[in-house]
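The primary structure of each chain is shown beneath.
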Amino acid sequence: MIHTTGQQPMIKRTYLATVILAVVSSFFCLSCSNKDKQLGPAVTSRDSTSVITTRGVDMLISENGVIRYHVIAEEWKIFDKMNPPFYSMEEGVLLEILDSLMQVESKLVADTAYYMIDDEIWHLIHNVHAENIKKEEFDTNELFVDNRRSRMYSDSLIHIKQDRQIIVGHGFESNSNLTEYTIRKTEGVFPVTETK
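Owing to the predicted nature of the structure, the values given are computational and were not obtained by experimental measurement.

Definitions and cut-offs
- Residues numbered from 1 in each chain as written.
- Predicted model: local features only at pLDDT ≥ 70, side-chain atom pairs only at ≥ 80, totals over all residues.
- Heavy atoms only, no water.
- Helix = DSSP H or I, 4+ residues; strand = E, 2+ residues; numbered from the N terminus.
- Buried < 20%, exposed > 50% of the residue type's maximum accessible area, 1.4 Å probe, protein only.
- Contact = heavy atoms within 4.5 Å.
- Pairing = 2+ DSSP bridges.
- Core = buried A, V, L, I, M, F, W, Y, C linked by side-chain atoms within 4.5 Å.
- Phe/Tyr/Trp six-rings, centres within 6.5 Å; stacked < 30°, edge-to-face > 60°.
- pLDDT = per-residue confidence, 0-100.

**Points about the overall build of the protein**
For the protein, the helix and strand inventory stands at one helix and 11 strands. Helices (α) and strands (β) of the protein occur, in sequence order from the N terminus, as α-β-β-β-β-β-β-β-β-β-β-β. Taking all 196 residues of the protein together, the buried fraction comes to 32%. Sequence separation of 24 or more characterises 37% of the internal contacts of the protein that already satisfy a separation of 6 or more.

Here it is in structure tokens:
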């Protein structure tokens, strides 16, 4: 029969603590000695990533203290570190331009939209549909809305549906509420056929 004294558990604890200390020290030494080793490139900036991604956006945007836009978007991303910085709405957008009484001056819908922050320009792309207060409809694949100049313009093919006719042309410029506009190259004016 082996007799143990009360000091044996103390020796085991001291031995265990020494082993743990040795293992931890060896990890530190190894990490210090391998400082020059490259494990892989680190992401050091967020130039190409959005700082904020928001889903289900429904917001009002002011300009010089006056609410000018009502925006509804499935997804809104902010790329504030890109050059130039911009907002991205790539899953569809509804943009309403408001007057000083918050009445809708014009309404625009597009598959994709970007807002260039520094230039204050909206860039709407693919299946762009716009309407003014006279119920005229504008259809194109690309449209720019310039906040500073209060203008809209496009170099793409555009169809403008009025009460009794459809105007087709290339290139277009308008005021912000789409009531005064010019078509650069008119391709034709066609009567509206009413269907019942």
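**Describing the environment of Asp80**
As for its position among the elements, Asp80 is in the loop between strand S2 (66-79) and strand S3 (86-89). A C-alpha to C-alpha distance of 8.6 Å links Asp80 and Ile117, two positions 37 residues apart in sequence.

**A few points about the pairing of strand S8 (residues 137-146)**
Bridge count between strand S7 (residues 121-132) and S8: nine bridges; the pairing is antiparallel. From the neighbouring strand, Leu124 faces S8, where its bridge partner is Leu143. Between the end of S7 and the start of S8, which pair antiparallel, lie four residues, with Lys135 showing a positive phi angle near 70°. Of the strand pairs in this sheet, S8 and strand S9 (residues 151-161) are connected by seven bridges, and their pairing is antiparallel.

**Things to note about the nonpolar core**
Residues Val71, Met89, Leu108, Trp122 and Leu124 are the most contacted members of the largest nonpolar core, which totals 28 residues. Every element with two or more residues in this core is listed here: S2, strand S4 (93-98), strand S5 (104-110), strand S6 (112-116), S7, S8, S9 and strand S10 (165-175). With sequence-adjacent residues up to four places away left out, Met89 is seen in contact with Val71, Ala73, Glu75, Trp76, Asp111, Thr112, Ala113, Tyr115 and Trp122.

**What to know about the packing of aromatic side chains**
Counted under the stated rule, the structure contains 10 aromatic pairs. When the ring of Phe138 is compared with that of Phe172, the centres are 5.7 Å apart and the planes differ by 50°; the resulting orientation is tilted. With Phe138 in strand S8 and Phe172 in strand S10, this residue pair connects regions lying 34 residues apart in the sequence. On the basis of relative accessibility, which here comes to 3%, the residue Phe138 falls in the buried class. Of the residues examined, Phe172 reaches a relative accessible area of 1% and is grouped as buried. Pairing Phe138 with Tyr181 gives two aromatic rings, centres 5.2 Å apart and planes at 90°, and the pair type is edge-to-face.

**What about the confidence of the model for the protein?**
With 73% of its residues at a pLDDT of 70 or more, the protein has an overall mean of 80. When mean pLDDT is taken per element in the protein, S8 scores highest with 96 and helix H1 (residues 8-33) scores lowest with 52. Note on residues 1-12: pLDDT is under 50 here. Beyond four places in sequence and across chains, it has zero contacts.

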